[in-house]
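# Results of the structural survey
This is what each chain is made of:
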Amino acid sequence: MLSAARIDEIARDVAERTLPRLSVERVESVETTDSTGQSAVRILIVLKPNVATGLKGDAVLDTLVAMHNKLSEEGEERLPIVEYADVDEMEDGGDAQS
């Protein structure tokens, strides 16, 4: 199991490579459980303003697959649950989008 700091580092690197250039504001991760009660890691990708509406499905899927693969290569066995939020939503107290 990787540390939260290492997961954040990997997640940010993957997100910056698979999402539109300069769109990632920050990445946060926390331990959680999946729908079956198994240990998982929730990864929140916070996007810069007005980026979320322009994301294409392929970019989102590519990010999810690359994130899962890279974390697995690094020895992380927990399922990554990736969510997205616009930085403006976070400042307004809004909910993230899965």
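Before going into details, it helps to say that this report is about the structure given with it. (Residues numbered from 1 in each chain as written. Predicted model: local features only at pLDDT ≥ 70, side-chain atom pairs only at ≥ 80, totals over all residues. Heavy atoms only, no water.)

As a further point, take helix α1 (residues 4–18). The end-to-end C-alpha distance of α1, which contains 15 residues, comes to 21 Å, matching closely the 21 Å that a straight helix rising 1.5 Å per residue would cover. If you check which residues of α1 are buried, you get I7, I10, A11, V14, A15 and T18. An end-on view of α1 places all buried positions within 130° of arc, on one side of the element. Opposite its buried face, α1 presents the exposed residues A5 and R17, each directed more than 90 degrees away. Those residues of α1 that are buried lie in contact with β1 (24–33), β2 (39–47) and α2 (57–73). (Helix = DSSP H or I, 4+ residues; strand = E, 2+ residues; numbered from the N terminus. Expected span 1.5 Å × (residues − 1). Buried < 20%, exposed > 50% of the residue type's maximum accessible area, 1.4 Å probe, protein only. Arc of directions from axis to C-beta. Contact = heavy atoms within 4.5 Å.)

Attention now moves to the sheet that holds β2. The strand order across the open sheet formed by three strands is β1-β2-β3, and the pairing between neighbours is mixed. Only two strands of the sheet have a single neighbouring strand rather than two, namely β1 and β3 (79–86). Pairs of neighbouring strands in the sheet enclose a mean axial angle of 20°, with direction left out of account. With nine bridges connecting them, β1 and β2 associate as antiparallel partners. Each residue of the ladder has a partner; that of T33, found in β2, is S39. Contacting β1 and β2, α1 runs over the sheet at an angle of about 135° to β1. Packed on one face of the sheet, α2 meets β2 and β3 and runs near 140° to β3. (Pairing = 2+ DSSP bridges. Axes fitted to C-alpha atoms, helices over the stretch in contact; angles between N-to-C directions.)

Turning next to the nonpolar core. One finds L19, I43, I45, L47, M67, L71 and Y84 to be the most contacted residues of the largest nonpolar core, which totals 20 residues. When contributions to this core are tallied by element, the ones reaching two or more residues are α1, β1, β2, α2 and β3. Considering every element that reaches this core, the biggest residue donor is α1, with five residues. (Core = buried A, V, L, I, M, F, W, Y, C linked by side-chain atoms within 4.5 Å.)

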